[in-house]
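Summary of the model geometry
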Amino acid sequence: MASDETMKSDGSESSDQNECELLTLAREHFERVAKKKVEWKDGLTDPEKELIRKTAVGEWADYSDKHRDKPNPKDAEKWPDSAVLRAGVIAWLCKDKKANGEIPCDGIRIKGARVKGELELNDALALFPLAFEQCRLMDNLVLLRAHVRTLAFDGSHVSSIRADALRVDAGLFLRNGFTATGAVNLTGAEIGGQLNCIGAKFPQVVEGPITALVADSARIKGSVFFRSRDCGEKTEIHRSINFENATVDDCFQWIDVECSSSAALSLQFAKVGVLWDDAKSWPSPGNLHLHGFKCDEIFEKAPTNAHQRLEWIRRQRKETPQGYIRILSGNDGNDEPYEFNPQPYEQLAMVLREQGHVDDAREILIAKENDRDRHREISWLWRSWRFTIKHTMSYGYEPWRCTKYVLCILILGASLFQMGDAMGVILPTNDRAFVPSRESATRSISPDYPDFNAFFYSLDEFVPLVNLRQGDFWIPNFNQDVLTGKGFGAWVCYFYALFLRVYLWVHILAGWTLTTLFVGGLTGLIRR
C-alpha cells in the first residue's frame, strides 16, 4: 500500500510539474506576443489555461457543459466566452518545439469549444493526436505540409481545411456529423490509416465552393469510408468529391450516401484495392467521372451484374437535347460534350472476369462497342461492317452466335438445291457423265457417276477449304438442254436454274464471310 501511495504521489507531482511547465511556457510566449499584438495584451483566458492544463495531463478539454442548452456547433456563435478558444493557443501547442516536448502521447483533445481566428499549422510537426469533438472552427484551418499522428473532427463544423501535402501517421476522421461549408483540400496528402467520412455532411452553400473534398494525388494506406452511421445519420453530399490520381490501398466505400443532383464523384486515374458501393448512392448522370479509374476487386456485397454496372458506367454522361454531356465539378452550369472512352468498360470487365463473372464481363465489353458506335461519326460502309459483326458475333466476343446463321444458310441452300435436283436443273459438270439411253433419245447419267446430295453440296460450297467433291461434280446449269419440253414448265425450270446459279455465288460469298468472321472471333482479331 505504501508503495502504491508513493507511486500515486510521484505521478501527481509529475503531472503538476508538467502542467506548470507547459503553462509557464505558454505565459512566457504570449507575454512576448502581447508586446507586438494588442489582442494578446490581456494574456491567456481561463478557457485557454484550462486547455493547457488538461493537455498537460493527457485529458480532454471539455467545454460542452458551458452550453448544454445549445450543444449543436451550428449555434456556436451563441456559446458563452467560457467555451471560446483563440486559434493562436492551439497553433502554439502544435508548433512550438518546447511545448511539443511537454505534450503527452494522448495529444490535444478539445470538446465543445468555439475556435476563433484562422488556425494556421503550416509545417507543424505534431506527432500526437489532434482531436476536435463537437467544436466549431470559425475560420480556416491550414495544415500545409504538416505532420501529425492522428487528426479527428468528430461532429465538428469547419469553414474550410487546406491540408496540401499533409502527412497523417494514423487516421483522418471527418465523421459523426462533421460539417464543412468550405472545401476540404487534401491534395497530395499521405494518410497512414483510414480517411473516415462516416456521417459527414458537405452542404451546398450559396456563393460557396462547388467542391466539398479534394484528395487529388493523395495516398491513403487504409480505407476510405463514405457511408451513413449505424445510428442512421446519413452522409450527405451536395457538392463534388474529387479523388483524381489518388491511391487507396484498401477499400473505397461509398454506400448509403445521400447525393443531391449537384453532387459529383471523380475517380479519374484513381487506384483502389476494393470498391464497395451501392446503386442508390451513385451520383446523378453526368456527375460520375471514371476515366482511368482502376480497382483490384469489387466487394461481394456491391453490384457485380452487368446491367447495374453498365448503369454505373453510363452515369458518366447526361443526355440533353443537344447530345450527351459530362458535368464538371458537379455544377450544372459547367459542362462539356461527353467523349466516349473505353477504359472504364475494359477495366470493369477485367475485374469481373477475374472474380469469376465471365458472362457479365463479356456483356460489359459488348456494351462498350455499342456505346462506342453511338458516340462517334462513321461512314455508312464502316457502319455496315459494324452492324454485321454486331449481329453475327457480338463484335467478336460471342463468335458462336454466327453458327445459327451458318445452319440457316446450310438448310436453306440444301432445300433450294434439292428442289433444283428434283426439277432437273442440277447437272453434272462433266459431259462424260452422260450416257446414251437405249429407251429414249435423251441422255441419262451414268450409274458410276457420284450421286448428288443436296445437304453435302450446300456444305461443300459454303465452307471454304473443305472439299467434299460435290461441287466438283454438280452445278446448277441453265445452259444445258433444260428446255427440251415446251410450255410454261420449261421456262420455270430455266429461270430456276438461273436463280440457283446466282444463289450459289451468294452462298459461296456468305460462306467465306461467316467463316472468316468466325475464325477472326475465335482468334480475337475482330475484337482488335
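First, a word on scope: everything that follows refers to the structure included in this document. (Residues numbered from 1 in each chain as written. Predicted model: local features only at pLDDT ≥ 70, side-chain atom pairs only at ≥ 80, totals over all residues. Heavy atoms only, no water.)

1. Considerations on the pattern of salt bridges
Rules: Salt bridges, as used here, are contacts in which a Lys or Arg side-chain nitrogen is within 4 Å of a carboxyl oxygen on Asp or Glu. The helix and strand labels rest on DSSP assignments: H or I over at least four residues marks a helix, E over at least two residues marks a strand, and numbering proceeds from the N terminus. For every residue, the accessible area (1.4 Å probe, protein chains only) is compared with the maximum for its type, and the residue is labelled buried under 20%, exposed over 50%, or partly exposed between those bounds.
Applying the stated criterion to the full structure yields 30 salt bridges. As a salt-bridge pair, Glu120 and Lys95 come within 3.1 Å of each other at their nearest N and O atoms. One end of the pair, Glu120, is in strand β5 (residues 119-120); the other, Lys95, is in helix α3 (residues 87-95), and 25 residues separate them in sequence. Among the residues examined, Glu120 registers a relative accessible area of 30% and is labelled partly exposed. Between Asp123 and Arg145 there is a salt bridge whose closest N-O contact spans 2.8 Å. With Asp123 in the loop between β5 and β6 (125-133) and Arg145 in the loop between β8 (141-142) and β9 (147-152), this pair connects stretches of sequence that are 22 residues apart. One continuous salt-bridge network, built from bridges that share partners, spans Glu346, Lys368, Glu369, Arg372, Asp373, Arg376 and Arg386.

2. Overview of the side chain of Thr179
Going by this rule: What qualifies as a polar contact is a pair of N or O atoms within 3.5 Å, subject to a donor-acceptor requirement within protein and to the restriction that residues adjacent in sequence count only when both atoms come from side chains. In what follows, a contact means two residues having at least one pair of non-hydrogen atoms within 4.5 Å.
Considering the arrangement of structural elements, one finds Thr179 in strand β14 (residues 179-180). By relative accessible area, which is 10% here, Thr179 ends up buried. Here the side chain of Thr179 touches Gly177 through a polar contact of 3.0 Å, landing on its backbone oxygen. Excluding residues that lie within four positions of it along the chain, Thr179 makes contacts with Ser156, His157, Val158, Lys201 and Pro203.

3. Things to note about the pairing of strand β24 (residues 247-254)
Here is the key point about a regular strand: its side chains alternate between the two faces of the sheet. The following threshold applies: By this definition, two strands are paired if DSSP reports at least two bridges between them.
The pairing of strand β20 (residues 219-220) with β24 spans two bridges and is parallel. Bridge pairing links Ile220 to Val248 in β24. Both strand β21 (residues 224-226) and β24 contribute to a ladder of three bridges, which runs parallel. Bridge assignment links Val224 to a residue of β24, and that residue is Phe252.

4. Regarding the packing of helix α5 (residues 306-313) against helix α6 (residues 343-354)
Put simply, the rule is: The convention used is that axes are lines fitted to C-alpha atoms, helices contributing only their stretch in contact, and that angles between N-to-C directions extend from 0 to 180 degrees. Orientation categories follow fixed angle ranges, with anything under 35 degrees roughly parallel, anything over 145 roughly antiparallel, 65 to 115 roughly perpendicular, and all other angles oblique. Each crossing gets its handedness from the near helix: less than a right angle anticlockwise from the far helix is left-handed, clockwise is right-handed. Each residue gets one of three labels, nonpolar for Ala, Val, Leu, Ile, Met, Phe, Trp, Tyr, Cys and Pro, charged for Asp, Glu, Lys and Arg, and polar for the others, Gly among them.
At a closest axis distance of 11 Å, the pairing of α5 and α6 adopts a crossing angle of 150 degrees. By the angle class used here, α5 and α6 are roughly antiparallel. Where α5 crosses over α6, the two elements pack in a sense that is right-handed. In contact with Arg309, Leu310, Trp312 and Ile313 of α5, α6 contributes Pro344, Tyr345 and Leu348. For the contact of α5 with α6, a count of residues per class yields six nonpolar, no polar and one charged.

5. Focus on the sheet that holds strand β23 (residues 240-242)
As summarised here, the arrangement of the eight strands in space is β5-β8-β11-β15-β19-β23-β26-β28, forming an open sheet in which the pairing is parallel. The open sheet has two edge strands with one neighbour each: β5 and β28 (288-289). With three bridges joining them, strand β19 (residues 211-214) and β23 adopt parallel strand pairing. Bridge pairing in β23 places Val214 opposite Asn242.

6. Regarding the packing of helix α2 (residues 46-56) against α3
One can describe the packing of α2 onto α3 by two numbers: an axis separation of 10 Å at closest approach and a directional angle of 25 degrees. As far as their axial angle goes, α3 and α2 are roughly parallel. You can see that α2 and α3 cross each other, and the crossing is right-handed. Across the interface between the two elements, Glu48, Leu51 and Ile52 of α2 pack against Val89, Ile90 and Leu93 of α3. A breakdown of the residues in the contact of α2 with α3 according to their chemical character gives five nonpolar, no polar and one charged.

7. Some words on empty space enclosed by the protein
Stated precisely, the cut-off is as follows: The definitions used throughout rest on a 1 Å grid laid over the protein atoms alone, on which a cavity is an enclosed set of points accommodating a 1.4 Å probe that cannot get out and a pocket is an open set flanked by protein within 12 Å on both sides along at least five of seven lines; lining residues are those having an atom within 4 Å of a point. Grid points are joined across faces, edges and corners, and a volume is the space filled by probe spheres set on the points.
The final tally for this structure, using the stated rule, is three cavities of 30 Å³ or more. There is about 70 Å³ of room inside the largest cavity. For the largest cavity, the full set of lining residues is Leu275, Leu290, Phe293, Cys295, Ile298, Trp312, Pro344, Gln347, Leu348 and Val351. Where the lining of the largest cavity is concerned, the elements lending two or more residues are β29 (294-298) and α6. Looking at the lining of the largest cavity element by element, the count peaks at four residues for α6. Considered class by class, the residues forming the lining of the largest cavity number nine nonpolar, one polar and no charged.

8. Topic: unusual backbone geometry
What is expected of a backbone is that most residues other than glycine have negative phi and most peptide bonds are trans. Notably, Ala165 is not glycine yet its phi reads approximately 60 degrees, a positive angle. Tracing the backbone shows Ala165 in the loop between β11 (161-162) and β12 (167-168). Phi at Ser217 is positive, roughly 65 degrees, even though this residue is not glycine. Among the secondary structure elements, Ser217 is positioned in the loop between β19 and β20. You can call Ser217 partly exposed: its relative accessible area is 41%.

9. Here's the deal with α6
We apply this condition: An expected span of 1.5 Å times one less than the residue number is assigned to each helix.
When the terminal C-alpha atoms of α6 are compared, their 17 Å separation across twelve residues agrees well with the 16 Å that a helix rising 1.5 Å per residue should span. Burial in α6 covers these residues: Gln343, Pro344, Tyr345, Gln347, Leu348, Ala349, Val351 and Leu352. Buried residues in α6 make contact with β29, α5 and α7 (358-374). One or two residues past the end of α6 sits Gly356, with phi positive at roughly 95 degrees.

10. Brief notes about the nonpolar core
Basically, it comes down to this: In this description, a nonpolar core means a group of buried Ala, Val, Leu, Ile, Met, Phe, Trp, Tyr and Cys residues linked to one another through side-chain atoms lying within 4.5 Å.
Phe153, Phe202 and Phe243 are the most contacted members of the largest nonpolar core, which totals 118 residues. Dropping the residues within four chain positions of it, Phe153 is found in contact with Phe132, Leu137, Leu141, Val158, Ile161, Leu172, Phe173, Leu174, Arg175 and Phe178. Counting residues in hydrophobic clusters, the runner-up holds 16 residues, among them Val425, Ala433, Tyr449 and Ala497.

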